[in-house]
Amino acid sequence: MLYVVAWPVLGEADDTALRRLRAQYHPQEAGLIGPHFTLVFGAAAEREEELRTALRGVTQRPFWFMIDRIVRSDLYLYAEPSDGAAELQTLHETLNPAPGSEPFEPHITLGRFRSAAEAEQVARIVGRQNLPMTGRIEELALLRRAGDVLETVAGIRLGA
């Protein structure tokens, strides 16, 4: 499976907070990949050349984002940006010419919980203690996942 992610550049305290949250509440994924915005999710291996070409054609310049809300969706907890969301949406549309089955909402996954109540409780605590967070998107990466192995296939610096 292929993925395209945007790597957030964060201040040390914010990066540490996101990594700790993911390690505690999403340990399998946190051990595989750090905080990121997923722009292409689970694409077939046959799309690799198409995605490489699309990445080379990205004209987006680096941009700032601000995470100012924690959102619970069923058993998952997400950090969602307000500032920078439009740019992430544009990147998603550039890399996914056909609309997916679900609408795209830019986010960083913080965790998966046993119950919605537990997720809601953590959302409130995280929101009070850690928000807002600001950062910058400067780089995208095309990743290939095979089981528990994640390999970077290609990367681009925005505005290069």
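Higher on the page you've got the structure.
Residues numbered from 1 in each chain as written. Predicted model: local features only at pLDDT ≥ 70, side-chain atom pairs only at ≥ 80, totals over all residues. Heavy atoms only, no water.

Caption draft 1: Region of interest: the nonpolar core. By size, the foremost hydrophobic cluster in this structure holds 41 residues, and its most contacted members are Val 4, Phe 37, Leu 39, Leu 110, Ile 137, Leu 140 and Leu 142. When near neighbours in sequence (up to four residues on either side) are disregarded, Leu 142 contacts Leu 2, Tyr 3, Val 4, Glu 48, Leu 51, Arg 52, Leu 55, Glu 151, Thr 152, Val 153 and Ala 154. Core analysis: the next-biggest nonpolar cluster, separate from the first, contains 5 residues, Tyr 3, Val 5, Ala 141 and Leu 143 among them. (Core = buried A, V, L, I, M, F, W, Y, C linked by side-chain atoms within 4.5 Å. Buried < 20%, exposed > 50% of the residue type's maximum accessible area, 1.4 Å probe, protein only. Contact = heavy atoms within 4.5 Å.)

Caption draft 2: Main features of the pattern of salt bridges. Following the criterion strictly, the structure yields 16 salt bridges and no others. In this structure, the salt-bridge partner of Arg 136 is Glu 138, at a minimum N-O distance of 3.1 Å. Among the ionic contacts, a cluster of salt bridges with common partners joins Glu 48, Arg 52, Arg 144 and Glu 151. (Salt bridge = Lys/Arg side-chain N within 4 Å of Asp/Glu carboxyl O.)

Caption draft 3: Quick peek at the pairing of strand E5 (residues 108-112). For E5, the buried fraction is high: 4 of the 5 residues fall into the buried class. When strand E4 (residues 76-81) meets E5, the two strands line up antiparallel, connected through 4 bridges. The residue of E5 that forms the bridge with Ala 79 is Ile 108. (Helix = DSSP H or I, 4+ residues; strand = E, 2+ residues; numbered from the N terminus. Pairing = 2+ DSSP bridges.)

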